Amino acid sequence: MSLNKKEIVAQLAEAQHLPRTQAESVLGFLSDLIQQEMSKGNELLLPNVGRFSIKARAARTGRNPRSGETLQIAAASQVKFSPAKALRDAAAGQTAD
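Described in the following lines is the structure provided in the data block. (Residues numbered from 1 in each chain as written. Predicted model: local features only at pLDDT ≥ 70, side-chain atom pairs only at ≥ 80, totals over all residues. Heavy atoms only, no water.)

What about the pairing of strand β2 (residues 50–57)?
Inclusion rule: Two strands form a pair only when DSSP identifies at least two bridges running between them. Put simply, DSSP H or I for four residues or longer makes a helix, DSSP E for two residues or longer makes a strand, and each gets a number counted from the N terminus.
Bridge count for strand β1 (residues 44–46) against β2 is three bridges, and the pairing is antiparallel. Bridging across to β2, Leu46 finds its partner in Gly50. Hairpin connection between β1 and β2: a loop of three residues separates the two successive antiparallel strands, and Asn48 in this loop has a positive phi of roughly 65 degrees. Taken together, the eight bridges between β2 and strand β5 (residues 76–83) define a ladder with antiparallel strand orientation. By the bridge assignment for β5, Ser53 is matched with Lys80.

Here's the deal with the pattern of salt bridges
Between side chains of opposite charge, a pair can form when the charged atoms approach closely. How we decide: Basic side-chain nitrogens of Lys or Arg form a salt bridge, by our definition, when they fall within 4 Å of a carboxyl oxygen of Asp or Glu. The buried label applies to any residue whose accessible area, calculated with a 1.4 Å probe on protein chains only, is under 20% of its type's maximum; exposed applies above 50%, and partly exposed to all values in between.
Taken as a whole, this structure holds four salt bridges when the rule is applied. Across the pair Glu24 and Lys5 runs a salt bridge, and its minimum N-O distance is 3.4 Å. Of the two residues, Glu24 sits in helix α2 (residues 20–40) while Lys5 sits in helix α1 (residues 5–16), which places them 19 residues apart along the sequence. Exposure remark for Glu24: the relative accessible area of 39% places this residue in the partly exposed category. Across the pair Arg51 and Glu43 runs a salt bridge, and its minimum N-O distance is 3.1 Å.

Any functional reading would require information that these geometric values do not contain.
As structure tokens, this is what we get:
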């Protein structure tokens, strides 16, 4: 089971005794904050959730799987997420259905 935005907003609103519109604003702000910090190249730590950071990938040579042709893959930045110990422990206690 996965939660969608509407369900997350509903749970946040109920848990924090907020109107849903305000809960949706909080969730939107958090999403925007993560994006802003990543675009600046900064790390962002959410306690008990994890750390978002940027990892630089060097340029490399790849191969087209269809033709076997060699091609150059450009350098790129990638978002990296490292889960906090509390999140890893919570996930370890659950089994996949």
